[in-house]
Amino acid sequence: MNKMLALVCGLASAPGVALAGVQYHEVPVLDVEPIMATVEVVEPEERCWYEDVRQRPRDTASSATAPLVGALVGGAVGNAVGHNKRNKQIGAVVGAVLGGSIGHDIARRERARSGGVRKVRVVTQEVCKTHDRRRTEQRVTGYLVTYRYAGETYRARTDHRPGETIRVRVRVTPA
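Residues numbered from 1 in each chain as written. Predicted model: local features only at pLDDT ≥ 70, side-chain atom pairs only at ≥ 80, totals over all residues. Heavy atoms only, no water.

**Student:** Please clarify how the nonpolar core should be interpreted in this entry.
**Tutor:** Note that soluble globular proteins tend to have their nonpolar side chains buried in a common cluster. Membership of the largest hydrophobic core is limited to nine residues, which are Val27, Val29, Val32, Tyr143, Val145, Tyr147, Ile166, Val168 and Val170. Contributing elements (two or more residues each) for this core: β1 (22-55), β2 (121-149) and β4 (165-171). (Core = buried A, V, L, I, M, F, W, Y, C linked by side-chain atoms within 4.5 Å. Buried < 20%, exposed > 50% of the residue type's maximum accessible area, 1.4 Å probe, protein only. Helix = DSSP H or I, 4+ residues; strand = E, 2+ residues; numbered from the N terminus.)

Right, here's the structure in full:
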């Protein structure tokens, strides 16, 4: 039994020996032609430039700061004027409303005095945009290999370029 196993293993490793009807042979390559295809290549490309951008300062007239400060000051004054707890509460509310209104009026007057014109500042900024650059190019997608086996000429398509020989599988089946 061991002799039989050694014989089978030895035959399986020998080149060109038939095992289950399949043989492999190295055969000479006669010609190799690259197979070309046109493919579209998409590459992202970033373009940058400098441009002047107008920036306006924040509109202080629409800011709530002046009315809020006025309300706080008015509330504190109204609270200080009252004599008892109820009068202090009413004085604080009335003072806050009046103070907020006065703060709003002061901000509006300030805007009117400056003519309502806000200063505009020009700043140079870098602006970048990315777009796809498309182009076509020729690429090798495979090879058409011409080879000779048993006196006959054959052609096959391969993914890689072969050397001087190519390995072929020959399957032997009864006819």
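**Student:** I would appreciate a short explanation of the side chain of Thr146 in the present structure.
**Tutor:** With respect to the helices and strands, the residue Thr146 is situated in strand β2. Relative accessible area serves as the criterion here: at 11%, Thr146 is assigned to the buried category. If near-sequence neighbours (up to four positions away) are discounted, Thr146 is found in contact with Val29, Leu30, Asp31, Thr153, Tyr154 and Arg155. (Contact = heavy atoms within 4.5 Å.)

**Student:** What's the story with unusual backbone geometry in this structure? I'm lost.
**Tutor:** Leaving glycine out, the prevailing phi sign among residues is negative, and the prevailing peptide bond configuration is trans. In this model, Ala150 sits at a positive phi of 50 degrees, which is unusual for a non-glycine residue. Looking at where Ala150 falls in the secondary structure, it is placed in the loop between β2 and β3 (152-158). In this structure Ala150 comes out as exposed when scored by relative accessible area, which is 67%.

**Student:** Could you clarify how one ought to interpret the packing of aromatic side chains in this entry?
**Tutor:** Counted according to the given criterion, the structure contains one aromatic pair. Aromatic pair Tyr147 and Tyr154: ring centres 5.8 Å apart, planes at 25 degrees, arrangement stacked. Judged by its relative accessible area of 12%, Tyr147 falls in the buried class. The aromatic ring of Tyr24 is capped on one face by Arg167, whose charged end is 4.3 Å from the ring centroid. (Phe/Tyr/Trp six-rings, centres within 6.5 Å; stacked < 30°, edge-to-face > 60°. Lys NZ or Arg CZ within 6 Å of the ring centre and 35° of its normal.)

**Student:** I tried to follow the pairing of β1 on my own but got confused; where do I start?
**Tutor:** When a strand is regular, its side chains alternate between the sheet's two faces. Where β1 lies against β4, seven bridges are found, and the strand directions are antiparallel. Residue pairing across strands places Glu26 opposite Arg167, the latter belonging to β4. Where β1 meets β2, 26 bridges bridge the pair, whose relative direction is antiparallel. Bridging across to β2, Thr38 finds its partner in Gln138. (Pairing = 2+ DSSP bridges.)

**Student:** When you look at the state of the cysteines in this model, what are you seeing that I'm missing?
**Tutor:** Cysteine pairs can be covalently joined through their sulfur atoms, and such a bond is termed a disulfide. The final tally for this structure, using the stated rule, is one disulfide. Disulfide partner of Cys48: Cys128, at an S-S distance of 2.0 Å. Where Cys48 bonds to Cys128 through sulfur, the torsion about that S-S bond is close to 115 degrees, and the disulfide is right-handed. Of this pair, Cys48 sits in strand β1 while Cys128 sits in strand β2; the two residues are 80 residues apart in sequence, bridging distant segments of the chain. (Disulfide = S-S within 2.5 Å.)

**Student:** Help me understand the pattern of salt bridges in this model?
**Tutor:** Opposite charge on two side chains permits pairing when their charged atoms draw close. As enumerated under the stated definition, the model contains nine salt bridges in all. We note a salt bridge from Glu33 to Arg155, for which the minimum N-O separation is 2.8 Å. Of this pair, Glu33 sits in strand β1 while Arg155 sits in strand β3; the two residues are 122 residues apart in sequence, bridging distant segments of the chain. Here Glu33 falls in the partly exposed class, since its relative accessible area comes to 34%. The shortest N-O distance in the salt bridge between Arg139 and Glu137 comes to 2.6 Å. Taking the relative accessible area as the measure of exposure, Arg139 reaches 41% and is therefore partly exposed. One connected set of salt bridges, linked through shared partners, spans Glu43, Glu45, Arg47, Arg133, Arg135, Glu137 and Arg139. (Salt bridge = Lys/Arg side-chain N within 4 Å of Asp/Glu carboxyl O.)

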